[in-house]
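This is what each chain is made of:
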Number of protein chains: 2
Amino acid sequence: MIRIVEVGPRDGLQNEKSILSTEDKFHFISALTESGLKSIEVTSFVKAPAIPQMADAAELFGRVKSELSDKGISFPCLVPNLKGYETAKTLGVKEIALFTATSDSFTKKNINATVDESFERMKEVAEAARADKIMVRGYISTAFGCPYEGTIDVKKLISVTKRLFELGVYEVSVGDTIGVAIPMQVRSYLRALKSEFPVGKLAMHFHDTRGMALTNIYASLEEGITTFDSSAGGLGGCPYAKGATGNVATEDVWYLLNSQGLDTGIDIAKLAAASSFILEKLGRQTESKFLKAYLNTGKV
Amino acid sequence: MIRIVEVGPRDGLQNEKSILSTEDKFHFISALTESGLKSIEVTSFVKAPAIPQMADAAELFGRVKSELSDKGISFPCLVPNLKGYETAKTLGVKEIALFTATSDSFTKKNINATVDESFERMKEVAEAARADKIMVRGYISTAFGCPYEGTIDVKKLISVTKRLFELGVYEVSVGDTIGVAIPMQVRSYLRALKSEFPVGKLAMHFHDTRGMALTNIYASLEEGITTFDSSAGGLGGCPYAKGATGNVATEDVWYLLNSQGLDTGIDIAKLAAASSFILEKLGRQTESKFLKAYLNTGKV
């Protein structure tokens, strides 16, 4: 069994230009819950002007909680700081995600903090979450390469991963958020990570910017990884290569895993229906080749 | 060193709706020869009404021969029957490609012949080519799955491969021409083929219809394959899934191979320039995610 963490409503929509109504976002998440996904990242509790798409975080999470919380699905939310955490906690969020990166130049541009400073912010939140018995997941952006610093030394990745586990996160999502990882690097970095941490506590988060996401996932499977982040319909773009592809599509991941005989618990027809709904609202086509073929032929 | 057989001018353009001028096709092929590619399939000697894009086969090959033949590049041409062979021979073609498939229902729709009948046609041509010292390459369509018969039994694939080698072809291109192969199947079918034939005489030909081409190539590399067919810019479509992706893009294949430290002799900037030229003439965008990112960022 492979666990998919669906990040479309947060990581995906955050990088889409069209601002959707809360109603549409809720309908999308509701449709995703029908597909068999067991973990769906809902939103991000950032300051409203920072990411306009996330301005309705409280309202959206409120609806998810009141209407969808009986389905046994985890609905994590991204939390950038203690203020966001307090809001999330008040609304009844049961799992949060914290994020950092491997390079100061990236975190400075992204959240106006060095990596060390990001750990100071995360530490406050992680301590509060531990006291409140709220689960915490950790994200590392630019795990393999950084748009400003190039290829990242695996020692830096190991160091940041270690510091996240020390904060008490239950899992670290190792993110190639700019889509530069290559299979050979994935295997070698994963071997290094596995020598330090249990493989079951590592998730892989690939972007398909250079078409390498599925092959990187295949390489990760060969190293024993069992959790992957992905975005329904391939929602999201890439801020570092205009017009390029963003998050790997959940449908693509499903097709690869299914073809390898690996169960995800996902009903592909229902997942494709959820993606089709939101893509239509965004007025765009999917970048997922599998989803295109599936929608055209009506079969896998 | 991995050998790439560029099939864009033939397999790619054959599945593009816009009919290009001979001048544009020649310019494209000429640009491809600058990129370091050592084998470029030029055209197909079919009857003119059958495939309008190939109606200028004689004129196009004539120009290639007179202007590009001093570059040490192989310019194979597809030949469907003895009549096409005679034309090709007269024009000075030094390498031809023959084609068949694994299933009667496919060959009947495609070339109005059973698989056995296709071998009768190919036998005449192969015998003539042997006498004329013209090299012959063999293609198998629907090696893994057929749009009419579903998954193809590996025994059928082995049988057709064997019959092609018996005709005297120097290499068999094992084609997933409808893009249904999956990595697990690729590995198991390749293991079966390798138990019968030298791996160095097998080439893999993948279509990216369901986004699986690069992962299938990665799996093929793990089985020791060293020759791949691909199409510059991802030219071509898929007649069995309207609007879906066709041949895997040579740029995608280059990116994967290069990232694995495998040399192809290709200059990616020159290859991308050739693809950009022809895509503009066709009035379409590439389906290659790597090429999109490369053209946007100007770097690998």
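Before reading on, note that the structure itself is shown above.
About the cut-offs
Residues numbered from 1 in each chain as written. Chains lettered and ligands numbered in written order. Predicted model: local features only at pLDDT ≥ 70, side-chain atom pairs only at ≥ 80, totals over all residues. Helix = DSSP H or I, 4+ residues; strand = E, 2+ residues; numbered from the N terminus. Rg over C-alpha atoms; globule rule 2.2 N^0.38 Å. Buried ≥ 20, exposed ≤ 12 C-beta atoms within 10 Å, placed from the backbone. Pairing = 2+ DSSP bridges. Axes fitted to C-alpha atoms, helices over the stretch in contact; angles between N-to-C directions. Parallel < 35°, antiparallel > 145°, perpendicular 65-115°, else oblique. Left-handed = near helix turned anticlockwise from the far one by under 90°. Contact = placed C-beta atoms within 7 Å. Nonpolar A, V, L, I, M, F, W, Y, C, P; charged D, E, K, R; others polar. Least-squares fit on C-alpha atoms with pLDDT ≥ 70 in both. Core = buried A, V, L, I, M, F, W, Y, C linked by C-beta atoms within 7 Å.

(A) Region of interest: the overall build of chain A. The secondary structure content of chain A amounts to 12 helices and 10 strands. Relative to its length of 300 residues, chain A is compact, with a C-alpha radius of gyration of 18 Å against a globular reference of 19 Å. Residues classed as buried in chain A amount to 54% of the 300 residues present.

(B) Main features of the sheet that holds strand β10 (residues 227-230) of chain B. Residues and elements named next belong to chain B. Pairing is parallel in the open sheet, where eight strands are placed in the order β2-β1-β10-β9-β8-β5-β4-β3. With partners counted over all chains shown, the strands left at the sheet margins are β2 (39-40) and β3 (77-78), one partner each. Summarising the sheet, strand β5 (residues 135-141) and strand β8 (residues 171-176) pair through four bridges and their orientation is parallel. For I140, the partnering residue across the bridge sits in β8 and is V174.

(C) Broad picture of the packing of helix α6 (residues 115-132) of chain A against helix α7 (residues 154-167) of chain A. Residues and elements named next belong to chain A. Across the interface, α6 lies against α7 with an axial gap of 10 Å and an inter-helix angle of 20°. Taken as axis vectors, α6 and α7 run roughly parallel relative to one another. You can see that α6 and α7 cross each other, and the crossing is right-handed. Here V115, F119, M122, K123 and A126 of α6 lie close against α7, whose contacting residues are V160, R163 and L167. Classifying every residue of the contact of α6 with α7 by side-chain character gives six nonpolar, no polar and two charged.

(D) Focus on the environment of B:S21. Residue and element names in this part refer to chain B. Position of S21 among the secondary structure elements: in the loop between α1 (8-14) and α2 (22-34). Judged by the 10 C-beta atoms lying within 10 Å of it, S21 falls in the exposed class. Considering only alpha carbons, one finds S21 and L60, 39 residues apart in sequence, at a separation of 9.7 Å.

(E) Region of the structure containing the relation of the copies chain B and chain A. You can overlay chain B on chain A at an RMSD of 0.0 Å; the transform is a turn of 180° with a shift of 0.0 Å along its axis. Both copies of the chain, as the preceding transformation shows, are related through a two-fold rotation axis. Taking the C-alpha atom as reference, chain B places B:T215 closest to the rotation axis, 2.3 Å from it. Of the interface residues in chain B, 100% have counterparts in chain A that sit at the interface too, so the contact is made through matching surfaces.

(F) Quick look at unusual backbone geometry. Residues and elements named next belong to chain A. One non-glycine residue, N112, lies in positive phi territory at about 55°. By the element assignment, N112 lies in the loop between α5 (104-111) and α6. Look at T142: it is not a glycine, yet its phi comes out positive at around 50°. When you line up the elements, T142 lands in the loop between β5 (135-141) and β6 (145-146).

(G) Spatial organisation of the pairing of strand β1 (residues 3-6) of chain A. Direction of pairing for β1(A) relative to strand β10 (residues 227-230) of chain A: parallel, over a ladder of four bridges. Within β10(A), the residue paired with A:V5 across the bridge is A:D229.

(H) Quick look at the nonpolar core. In this structure, A:V79, A:I96, A:L98, B:V79, B:I96 and B:L98 are the most contacted members of the largest nonpolar core, which totals 190 residues. The residues touching A:I96, leaving out its near neighbours within four places in the chain, are A:P76, A:C77, A:V79, A:Y85, A:A88, A:A129, A:I134 and A:V136.

(I) Quick look at helix α12 (residues 289-297) of chain B. Residues and elements named next belong to chain B. Buried residues dominate α12, accounting for seven of its nine residues. Listed as buried for α12 are K289, F290, L291, K292, A293, Y294 and L295. Buried residues along α12 sit against α10 (250-259) and α11 (268-282). Note on α12: the residue one or two positions beyond its end, G298, has a positive phi of about 75°.

(J) Representation of the interface of chain B and chain A in the model. The partner chain A presents 29 residues to the 29 residues of chain B that form the contact. For the side of chain B that touches chain A, the secondary-structure elements that each account for two or more residues are α8 (183-194), α9 (213-222), α10 and α12 of chain B. For the side of chain B that touches chain A, the leading source of residues is α12(B), giving six residues.

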